[in-house]
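As a plain string of letters, each chain reads:
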Amino acid sequence: MFRKLHLFILIFCTGINLFAQKTNSIKLSGTLLDETNVPVEYANIVMISSLDSLTFFGGFSDLQGQFIFEVPSGEYILKVSVIGFDNFERKYHLKESTDLGEIILHNASVEISEIVVKRQRIIREADRFIINVSNDPTAIGKSANDLLAYSPGVFVQEHNGSITINGKTGTKVMVNERILHEQGLDLIRYLQTLKAEDIVRIEVLPSTGAEFDADMTGGVIKIKLRRQREDGMNGSIGTQFSLSPAEDDVFSLYPSLTLNYKNNKVSLYTSLNYNLEHTLELAEDSVDYNTADRIIRGNSVSKRSYDTKKVRIGGVYDIDNRQSIGLEFNYSLDNLKNTTHSNSDETDTENLINITSHFRGKNIIDKYSLSANYILELDSLGSIFKILFDYDNNKNKNKQDYNSKYEAIVSYDSIYRSDIKTDNRLYVLSTDLEKKINSSSLLRLGLKYSKSSMDNRIIFDYYNRNVWHNLEQLSSNNTFDENVFAIYGAYTSEFKGININLGLRGEYTYATPWTNKIKIAEKQKYFKLFPTVNILFHLDEQHIHSIIFNYNKKIRRPTFSDLNPYRLPTSEYSFIEGNPYLEPAYSNDYSTSLVLYNKYNFTFGVTSIKNDFSRIASEDTEDNNVMILRQENMANNTNYYININLPIEVCSWWNSNTNLLGSRNIVKVIEEKDKIFVFQGGIENTFILPKKVYFQLEGYYVSPSISGNIKMLSVYKVNSSLRKSFVDNKITVSIFANDIFNSGRVRFKIKEEDFSRYTKSQWGHREFGLSIRYNFKTGKSIKVKNIESGADEERSRL
């Protein structure tokens, strides 16, 4: 292990020596902006010598609209061209390194049946897809969740809140370089508050590089919000309301407010969000036991209410034109209430038992975080040094009451309650160095330390003879501490039509789990290397066709809830249980992508996961009447996949985007092997009606899939919306109908040697809604900087 660590540190230090290299070339830099001060990326830039037209230097602007060249001194003509803008041309006499500052490109929009063509919407790079949202009229009124659902390779399943890229779980979402710590349905609800009008672009990285944490197994989605440039204040206020006419008390309300202010060197921002949602779930359950003449049939009605308040406050102070410091505070309070009423019949050869159950509970989640950073620009090429610090605190209080009545030959009641408290704390300190060697080469080096701690107390009591008694077999105290030290190096360059992105990350993990219920688990100590390779070959001189090769190795560490051994009842006969002995899973992902005309994408790949873990259904060893869904390691999980993304302009008033994924999943659980072909497909159609009214019709389908030894049956959904903007796009109104065919149901099967189970759950209902948003601005438009965070994957695992 130490030999690996020593070798990696040697490579790291060798990379630092490259910084000592100097050049006598003159450096020319600048930033391209459109008329609304949004960076213009991927503009074609050429520097032509005035003395010799055959001497020229060329390149493209980056994602921040910036460009950097190294040229000999002399007189040059700078030419800039990009789709949707007038060409820019100006002569410069260069004697020393010069920063041209901000260059404004003027719109040269082409009106086609009220469609404004700005630039290529989807661009493929060696390691990512880039979806340009800025100035896209078809995106107005959509949420970030809507945009993600039809990004290349991305699939969003609203019934459980999962977001995947190419079928790989563990996908993370970043907003302005900060990892979102929400998960599942909470993440979906947050993304619904981000509107397309505030989004410049979305980047989809199917495989993350060495600069990202090694446990980002499912890639990352980066959302870049719009930034203004001058002093003043602006913001937006809006709300969204929906209801289900067929069901009482099923509705959602999402009001939100954002404010941005900048004055000279100080930039401040804040956002307030409130989510109120009432849901209804109808479930049917059947269990058949093969070893005995015994069956269970049941149904349940679950009502849940979500009351969430979120506030974000931050600021950046520019010390000078090269240095800045920032601070951001986030706070959220989640108040979740649930009630479940169920009825089941258990029948065997001799008896019939009817069980009526009532569950009621309340879950309060109190979360706050603090982020601080220092950023220093090292040179005119754009090299950057960063120091980032993050602290997160998450307190979870979950209280549940259970009351069941058994009616048979002898009738009796079962009354018990649970009180579960979990405290999570996270500390992260990181430093990063990004050295631009020249206009086409970049070297990244970084160090990171993260410490996460969990304290968990579980108390179960049962009620007997008017007195509460502790249920010791279900009560426990648990702690988990995890320390991760990381070091990485990454190199990016372009030459002769080839883009390369190489990286190597080393992580040392030291974890100490503990519980008072079982023998102390062994401490985990290990150092692993995680290489990343991305290579793009252009197949033609115009760079519109390309082929990309990707490889990466990742680790999937268990989350705190995966490790917690407490049992959470889902019905009178089933429990969800964590496993403190889970081991990390390691994955190797290989893929090849073909890009045609810079928009049609075909990806072929295979992901092999060793020691993967998932929920495995089994009978309780102490009571065969009870079924346990417990996290367990599996021998191997191999997934072969094909992803196709086809954005098509059918005609001047009809745009369509199709996203298809086919995968062959082979899962080996202990000695048994299960194979299944999974198909996911989504299609989005946008129709431009008169008066710039946009009608959207979309739908998705997921074929049966497997998770552990649980087989999920097919799911589909169809949505529609109508959008119109008023007063120069300051006001946007949308009306929508979701789940038009009322198909929001989940079905799964479990088949084992001793039993089989079939469950059907109606989790969604046909709903209709209205969304209104107003954008305002006082004074000049402003540039708002947002705090960058280093607590990447760790925060989401809280």
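Read on for a plain summary of the structure. Bear in mind that the values here come from a model prediction, so they are computed numbers and not experimental data. (Residues numbered from 1 in each chain as written. Predicted model: local features only at pLDDT ≥ 70, side-chain atom pairs only at ≥ 80, totals over all residues. Heavy atoms only, no water.)

**Some thoughts on the sheet that holds strand S1 (residues 26–33)**
How we decide: In this scheme, strands are said to pair when DSSP sees at least two bridges between them. For the purposes of this entry, the term helix denotes a DSSP run of H or I that reaches at least four residues, the term strand denotes a run of E that reaches at least two, and both are numbered from the N terminus. Only C-alpha atoms enter the line fits that serve as axes; for helices the fit covers just the stretch in contact. Angles between N-to-C directions range over 0 to 180 degrees.
Here we have three strands laid out as an open sheet, ordered S4-S1-S7, and mixed in their pairing. Both outer strands of the open sheet, strand S4 (66–71) and strand S7 (98–104), are each paired with one neighbouring strand and no more. Direction aside, the axes of adjacent strands within the sheet are offset by 20° on average. Sheet topology places S1 next to S7; five bridges connect them, and they run parallel. Across the sheet, the residue bridging to Ser29 is Asp99, located in S7.

**Things to note about the environment of Gly446**
For Gly446, the location among the structural elements is in strand S27 (residues 441–464). A sequence separation of 43 residues divides Gly446 from Gly489, and the C-alpha atoms of the two residues are 6.7 Å apart.

**What to know about the sheet that holds strand S15 (residues 178–179)**
Taken together, six strands build an open sheet; the order of strands is S10-S11-S16-S17-S14-S15 and the sheet is mixed. Strands with a single pairing partner mark the edges of an open sheet, and in this sheet they are strand S10 (122–124) and S15. Judged from the four bridges that link them, strand S14 (residues 172–175) and strand S17 (residues 220–225) form a sheet pairing that is parallel. Among the inter-strand pairings, Val175 is bridged to a residue of S17, identified as Ile223.

**Here's the deal with the side chain of Ser244**
Operational definition: For this analysis, residues touch if any pair of their heavy atoms sits within 4.5 Å.
Relative to the helices and strands, Ser244 resides in the loop between strand S18 (232–243) and strand S19 (251–253). Leaving out residues up to four positions away in the same chain, Ser244 has contacts with Val250, His765, Arg766 and Glu767.

**Quick look at the environment of Glu649**
Among the structural elements, Glu649 can be located in strand S39 (residues 636–651). A C-alpha to C-alpha distance of 9.7 Å links Glu649 and Thr686, two positions 37 residues apart in sequence. When neighbours within four sequence positions are excluded, Glu649 is seen to be in contact with Trp654 and Asn655.

**Here's the deal with a positive patch on the surface**
We count it as follows: The patch calculation keeps residues exceeding 30% relative accessible area without a salt bridge and links them within 9 Å when they carry like charges or within 5 Å when they are nonpolar (Val, Leu, Ile, Met, Phe, Trp, Tyr). Accessible surface is estimated by sampling points in the Shrake-Rupley manner with a 1.4 Å probe; for residues, cover comes only from the protein chains shown. Here, a salt bridge means any Lys or Arg side-chain nitrogen found within 4 Å of an Asp or Glu carboxyl oxygen. Within this scheme the basic residues Lys and Arg register as positive and the acidic residues Asp and Glu register as negative, but His and the chain ends are omitted. For this purpose, a charge sits on NZ of Lys, CZ of Arg, CG of Asp or CD of Glu. Burial classes: relative accessible area under 20% of the type maximum marks a residue as buried, over 50% as exposed, and values in between as partly exposed (1.4 Å probe, protein chains only).
A cluster of basic residues, Arg664, Lys668, Lys673 and Lys675, forms a positive patch on the protein surface. Among the elements of the structure, strand S40 (654–669) and strand S41 (672–689) are those that each provide at least two residues to the positive patch. Mapping Lys668 onto the fold places it in strand S40. The class of Lys668 is partly exposed, set by a relative accessible area of 31%.

**Overview of the pairing of strand S48 (residues 755–762)**
Bridge count between strand S21 (residues 266–289) and S48: eight bridges; the pairing is antiparallel. Bridged to Tyr289 within S48 is Phe755. Strand direction decides the pairing type here: strand S47 (residues 745–751) and S48, joined by seven bridges, are antiparallel. The partner of Lys751 across the bridge, within S48, is Ser756. Hairpin connection between S47 and S48: a loop of three residues separates the two successive antiparallel strands.

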